[in-house]
Amino acid sequence: MSTYKKCFHKRGFTKRLSLMVLLICLSGVVWAESMPTTCNEDCPAPYVENQFWTTEYGTASANIILHETNFLACSSSTYALCYYSGPDAAPSGTLKQPLPSLPCKVSKENSKLADCRCYVEAGDSYVDIHSIRNTEAYIETVRACGLNGEKCSNLISTAADKATALTGKTPTPLPTAPVCAYLQA
């Protein structure tokens, strides 16, 4: 046994470290079970906040885009577009039709969540692979699509498929990213 291992072994470091890891894992399980899910039925997995550094610049909450393939293509009948949610007053500007206000209120049940009003849209949408905040959805998606989304249908591949179809050729579409199933649920 090396001097380094003897030193830590003699002090019980290995046993204490193992116990600490076990306690951290158990507390994570209890925490994950107490968190609300992101949907009411047919959930692929409960919501557990993604703490992975999805890019060298930080976690999913940093919203970092490095390449066009980061935008994974999802199609659905409807989805909530909450990008414009938050202010109590509608944004001002020179729009033909004024935008409605889309306020968010802190949830009474959990102060880390907000109940927001969002636009309801239909059709194609795109998810930034580096901004997936559900840990399970992120892991599944990276495994299937690669770290930058290049192995799944994305902003670049869908544009290429449309261009190929215009020439009369049959496009070879990439698979849909697993995160899209979470959006549907």
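Residues numbered from 1 in each chain as written. Predicted model: local features only at pLDDT ≥ 70, side-chain atom pairs only at ≥ 80, totals over all residues. Heavy atoms only, no water.

Draft legend 1. Structural view of the overall build of the chain. Looking only at helices and strands, the chain features five helices and six strands. Reading the helices (α) and strands (β) of the chain from amino to carboxyl end gives α-α-β-β-β-β-β-β-α-α-α. In the chain, buried positions account for 26% of the 185 residues. The contacts in the chain between residues at least 6 apart in sequence include a share of 61% that link residues at least 24 apart. For the chain, the exposed surface amounts to about 13,100 Å²; the carbon and sulfur share of it is 59%. (Helix = DSSP H or I, 4+ residues; strand = E, 2+ residues; numbered from the N terminus. Buried < 20%, exposed > 50% of the residue type's maximum accessible area, 1.4 Å probe, protein only. Contact = heavy atoms within 4.5 Å. Areas by Shrake-Rupley, 256 points an atom, 1.4 Å probe, with all protein chains shown as cover.)

Draft legend 2. View of the nonpolar core. In terms of nonpolar packing, the biggest core is built from 15 residues, with Leu 72, Ile 129, Ile 132, Cys 145, Ala 177 and Val 179 touching the most fellow members. Listed by contribution, the elements that provide at least two residues to this core are strand 3 (71–81), helix 3 (135–145) and helix 5 (179–184). With four residues, the top contributor of residues to this core is helix 3. With near-sequence residues (within four places) excluded, Val 179 lies in contact with Leu 72, Cys 74, Val 127, Ile 132, Ala 137 and Thr 141. (Core = buried A, V, L, I, M, F, W, Y, C linked by side-chain atoms within 4.5 Å.)

Draft legend 3. Summary view of the state of the cysteines. Inspection of the entire model under this criterion finds four disulfides. The disulfide that involves Cys 74 links it to Cys 180, with 1.9 Å between the sulfurs. In this structure, the disulfide formed by Cys 74 and Cys 180 twists by about -80° around the S-S bond and is classed as left-handed. Here the residue Cys 74 occupies a position in strand 3, and Cys 180 occupies one in helix 5, the gap between them amounting to 106 residues. Here Cys 104 connects covalently by a disulfide to Cys 116, the sulfurs 2.1 Å from one another. Taking the torsion about the sulfur-sulfur bond, which here is approximately 115°, the covalent link between Cys 104 and Cys 116 counts as right-handed. (Disulfide = S-S within 2.5 Å.)

Draft legend 4. Quick look at a nonpolar patch on the surface. Together, Tyr 126, Leu 155 and Ile 156 line one region of the surface with nonpolar side chains, adding up to about 240 Å² of accessible area. Structurally, Tyr 126 can be placed in strand 6 (residues 119–128). (Patch = residues over 30% accessible without salt bridge, like charges linked within 9 Å, V, L, I, M, F, W, Y side chains within 5 Å. Salt bridge = Lys/Arg side-chain N within 4 Å of Asp/Glu carboxyl O.)

Draft legend 5. Representation of empty space enclosed by the protein within the structure. Using the criterion set out here, one finds one cavity of 30 Å³ or more in the structure. As a volume, the largest cavity reaches approximately 30 Å³. Forming the walls of the largest cavity are Ser 76, Thr 78, Tyr 79, Ser 125, Leu 183 and Gln 184. Of all the secondary-structure elements, those providing two or more residues to the lining of the largest cavity are strand 3 and helix 5. It is strand 3 that contributes the most residues to the lining of the largest cavity, three residues altogether. Tallied by class, residues from the lining of the largest cavity come to two nonpolar, four polar and no charged. (1 Å grid on protein atoms, 1.4 Å probe; cavity = no way out; pocket = protein on both sides within 12 Å on 5 of 7 lines; lining within 4 Å. Points joined across faces, edges and corners; volume = space filled by probe spheres on them. Nonpolar A, V, L, I, M, F, W, Y, C, P; charged D, E, K, R; others polar.)

Draft legend 6. Structural detail: the environment of Leu 66. Examined against the element boundaries, Leu 66 turns out to sit in the loop between strand 2 (58–59) and strand 3. With a relative accessible area of 47%, Leu 66 lands in the partly exposed category. Taking the C-alpha atoms as reference points, Leu 66 and Thr 55, 11 residues apart in sequence, are found 8.5 Å from one another. Once residues lying within four places of it in the same chain are set aside, the contact partners of Leu 66 are Thr 55, Tyr 57 and His 130.

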